[in-house]
Amino acid sequence: MDEDLRRVIFETFSEVFETMFFTFLEPLEETPGREELACGRFVEATISYSGGCTGSFLFYFPWELGKNITVNFLGVDEDEVQDGQVKDTAAETANMAIGGLLGKLDPAGKASLAIPQARVLAEFSPETLLGKSGLCMFNTEFGILWVVGTHA
Amino acid sequence: MAFNILVADDSETMRAVIKKTVSMSGVPVGEFHEAANGKEALAVLAETWIDVILSDINMPEMGGMELLKKISEDEELRKIPLIFITTEASDARKEEAQKLGVAGYVKKPFQPETIKAILYEVLEKAYAHRLEENAGEEAGEESDF
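Residues numbered from 1 in each chain as written. Chains lettered and ligands numbered in written order. Predicted model: local features only at pLDDT ≥ 70, side-chain atom pairs only at ≥ 80, totals over all residues.

Asker: Where do I start with the overall build of chain A in this structure?
Answerer: Tallying secondary structure elements over chain A gives four helices and seven strands in all. Of the regular secondary structure in chain A, the N- to C-terminal order runs α-β-α-β-β-α-α-β-β-β-β. By principal-axis analysis of the C-alpha atoms, chain A measures approximately 45 × 30 × 25 Å. For chain A, with 152 residues in total, the buried portion stands at 39%. Counted over contacts in chain A with a minimum sequence separation of 6, partners at least 24 positions apart contribute 69%. (Helix = DSSP H or I, 4+ residues; strand = E, 2+ residues; numbered from the N terminus. Buried ≥ 20, exposed ≤ 12 C-beta atoms within 10 Å, placed from the backbone. Contact = placed C-beta atoms within 7 Å.)

Asker: So what exactly am I meant to see when it comes to helix α3 (residues 64-72) of chain B here?
Answerer: Within α3(B), the full set of buried residues consists of B:Gly64, B:Met65, B:Leu67, B:Leu68 and B:Ile71. An end-on view of α3(B) places all buried positions within 160° of arc, on one side of the element. (Arc of directions from axis to C-beta.)

Asker: Explain the interface of chain A and chain B to me, please; I cannot follow it from the model alone.
Answerer: In many analyses, interface size is given as the accessible surface area lost on bringing the parts together. Listed as interface residues are 23 residues of chain A and, on the opposing side, 20 residues of chain B. For the side of chain A that touches chain B, the secondary structure elements donating two or more residues are α1 (3-21), α3 (63-74) and α4 (83-105) of chain A. Per-element accounting of the side of chain A that touches chain B gives the leading share, ten residues, to α4(A). Classifying every residue of the side of chain A that touches chain B gives ten nonpolar, nine polar and four charged. (Nonpolar A, V, L, I, M, F, W, Y, C, P; charged D, E, K, R; others polar.)

Asker: Before we go on, may I ask you to explain the pairing of strand β3 (residues 52-55) of chain B in this structure?
Answerer: Remark: a regular strand shows side chains that alternate across the two faces of the sheet. All names here are of chain B. The two faces of β3 match: Val52 and Leu54 on one face and Ile53 and Ser55 on the other face are all buried. Across four bridges, the pairing between strand β1 (residues 3-8) and β3 is parallel. Each residue of the ladder has a partner; that of Val7, found in β3, is Leu54. In this region the chain leaves β3, passes through α3 and returns to the parallel neighbour strand β4 (residues 82-86); the handedness of that crossover is right-handed. (Pairing = 2+ DSSP bridges. Right-handed = clockwise from strand over helix to strand, strands pointing away.)

Asker: Is there a simple way to explain the sheet that holds β4(B) in this structure?
Answerer: The pairing of strands in a sheet comes from backbone hydrogen bonds and takes either a parallel or an antiparallel form. All names here are of chain B. If you trace the five strands from one edge of the open sheet to the other, you get β2-β1-β3-β4-β5, paired in parallel fashion. The open sheet is flanked by β2 (29-35) and β5 (104-107), the only strands paired with a single partner. The sheet shows a mean angle of 20° between the axes of neighbouring strands, taken without regard to direction. Sheet analysis places β3 next to β4, joined by three bridges and oriented parallel. Counted as the bridge partner of Leu54 is Ile83 from β4. (Axes fitted to C-alpha atoms, helices over the stretch in contact; angles between N-to-C directions.)

Asker: For this particular structure, what's the right way to read unusual backbone geometry?
Answerer: Peptide bonds are, in most cases, trans, and in most cases residues other than glycine have a negative phi. Backbone torsion omega between B:Lys108 and B:Pro109 reads -5°, so that peptide bond is classified as cis. The phi dihedral of A:Phe22 falls on the positive side, at around 55°, and the residue is not glycine. Mapped onto the elements, A:Phe22 comes out in the loop between α1 and β1 (26-28). We classify A:Phe22 as exposed; it has 11 C-beta atoms within 10 Å.

Asker: Would you mind showing me how to read the packing of α3(A) against α4(A) here?
Answerer: For any two helices packed against each other, the geometry comes down to the angle between their axes and how far apart the axes lie. All names here are of chain A. Two elements in contact, α3 and α4, have axes separated by 9 Å at closest approach and are oriented at 85°. When the axis of α3 is compared with that of α4, the two are roughly perpendicular. Of the residues in α4, those in contact with Gly66, Lys67, Ile69, Thr70, Phe73 and Leu74 of α3 are Gln85, Val86, Thr89, Ala90 and Thr93. Of the residues in the contact of α3 with α4, the class split is five nonpolar, five polar and one charged. (Parallel < 35°, antiparallel > 145°, perpendicular 65-115°, else oblique.)

Here it is, written out as structure tokens:
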């Protein structure tokens, strides 16, 4: 993935996270420490597009991150949040982030977004993502957001 | 007189956020109705009096653009203003929506102020007399103190 695309991804994702969830992203260039790579509960969201250009993106939210953006999105207490809402927020995040990205990469609007999907991964190790082409990592207050994307 | 609002979005969470944003905007709301796609929205419209529709574009089964097309083909339904709240904000999509008679366009992610401004703009255009009546009623209520 070239640097220009990485920059556009960061700008677009930051707009979504700051506007909707009051959460700041910071691009992470170095391999995270052991603690951040540990196996744990994650939410995976996927979305793709096709038409004038094609691409697909996978988002991996550590549970704490997913839960906290849901709390901020809905404006509810932490203990009121249900798993389904966390999943739904992850899918909607993928929709907003990639919809925004597509608006910049395909201004003529030839490509169409598919419906985002999300699922809970009870035991997932983000270590398996290291080395994948198209991997972007963003540091947040609640853990690392992992994104693996392709665009052509 | 309050407005009945239909929120169509396949994300239940997004519907909740939109309803909360509208409730806090000061727009007098009668009832909120919800739909997870265009088909469900049409079913609600067939049974319920709706004053304004807030709809996503990217939805399963029937998306927002097809919903708008169906509404524009119906003599009665086409009087109901529809506002898109969507990630799909390319000029081509906006143009397509304008041709079909969309009343407003809000890009996700959105600031609550944007929804408020566009909703008021659309309501003033479509129902100016009702907003005035409502303002009058509120002034009357305040004068009781």
